[in-house]
Amino acid sequence: MPAATAAHGDAQAARGARGSGADIAASTHGGALLYTAGWFDRVAWPGSIVLLPFFTGRSADTPSLVAAVAEARALRPAEVEPARTEHADASRATTPRSPAVRGRVRACRRGD
């Protein structure tokens, strides 16, 4: 996976944003993944959650989205930052609470 992530990152960087690599992990390994800063772990899919795939009719474009968020953060930080915090909090709330996962996430944040 490192080679695919690096190649994808280089291609995206030429367009203005490297992306997280989560899409590479998902397409390479499949299933439900916990993904943080280049590290992933397989997790059990919660039985109470139903996945409904759909297409909005518009393809996603990471560099355009990253640029739009950066612009919004610069122009309207009082509006954007609380939304980003709420999104991050919701994401963390779904993270498994095992000590091993928490330790690995902390290590990723430190850059270990």
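Quick caveat, the model's predicted, so the values are computed rather than measured.

Re the overall build of the protein
The helix and strand inventory of the protein stands at five helices and two strands. Considering the protein as a whole, with its 112 residues, one finds that 17% of them fall into the buried category. Considering only contacts in the protein between residues 6 or more positions apart, those separated by 24 or more positions represent 38%. Total accessible area on the protein stands at roughly 8200 Å², and carbon and sulfur atoms take up 59% of it.

Comments concerning the pattern of salt bridges
Tallied over the entire structure, the rule returns three salt bridges. Residues Arg73 and Glu81 are paired through a salt bridge, measuring 2.7 Å at the closest nitrogen-oxygen approach. As a salt-bridge pair, Glu81 and Arg84 come within 3.4 Å of each other at their nearest N and O atoms. In this pair, Glu81 and Arg84 both sit in helix α4 (residues 77–93), three residues apart, roughly one turn of the helix. Overlapping salt bridges bring together Arg73, Glu81 and Arg84 as one network.

A closer look at the confidence of the model for the protein
Per-residue confidence for the protein averages 77 on the pLDDT scale, and 79% of its residues sit at or above 70. Highest mean pLDDT in the protein belongs to helix α3 (residues 62–75) (88); lowest belongs to helix α5 (residues 99–110) (62).

Thoughts on a nonpolar patch on the surface
A grouping of Trp45, Ile49 and Leu51 is seen on the molecular surface, where their side chains present a nonpolar patch of about 340 Å² in accessible area. Summarising the element assignment, Trp45 is placed in the loop between β2 (39–42) and α3. According to the relative accessible area criterion, Trp45 is partly exposed, its value standing at 46%.

Here's the deal with the packing of α3 against α4
Taken N-terminus to C-terminus, the directions of α3 and α4 make an angle of 125 degrees; their axes are 6 Å apart at the nearest point. With respect to each other, α3 and α4 are oriented oblique. Facing α3, whose interface residues are Ala72, Arg73, Ala74 and Leu75, α4 presents Pro77, Val80, Glu81 and Arg84.

Things to note about the environment of Phe40
Within the secondary structure layout, Phe40 lies in strand β2. For Phe40, a relative accessible area of 23% corresponds to the partly exposed category.

Rules used throughout
Residues numbered from 1 in each chain as written. Predicted model: local features only at pLDDT ≥ 70, side-chain atom pairs only at ≥ 80, totals over all residues. Heavy atoms only, no water. Helix = DSSP H or I, 4+ residues; strand = E, 2+ residues; numbered from the N terminus. Buried < 20%, exposed > 50% of the residue type's maximum accessible area, 1.4 Å probe, protein only. Contact = heavy atoms within 4.5 Å. Areas by Shrake-Rupley, 256 points an atom, 1.4 Å probe, with all protein chains shown as cover. Salt bridge = Lys/Arg side-chain N within 4 Å of Asp/Glu carboxyl O. pLDDT = per-residue confidence, 0-100. Patch = residues over 30% accessible without salt bridge, like charges linked within 9 Å, V, L, I, M, F, W, Y side chains within 5 Å. Axes fitted to C-alpha atoms, helices over the stretch in contact; angles between N-to-C directions. Parallel < 35°, antiparallel > 145°, perpendicular 65-115°, else oblique.

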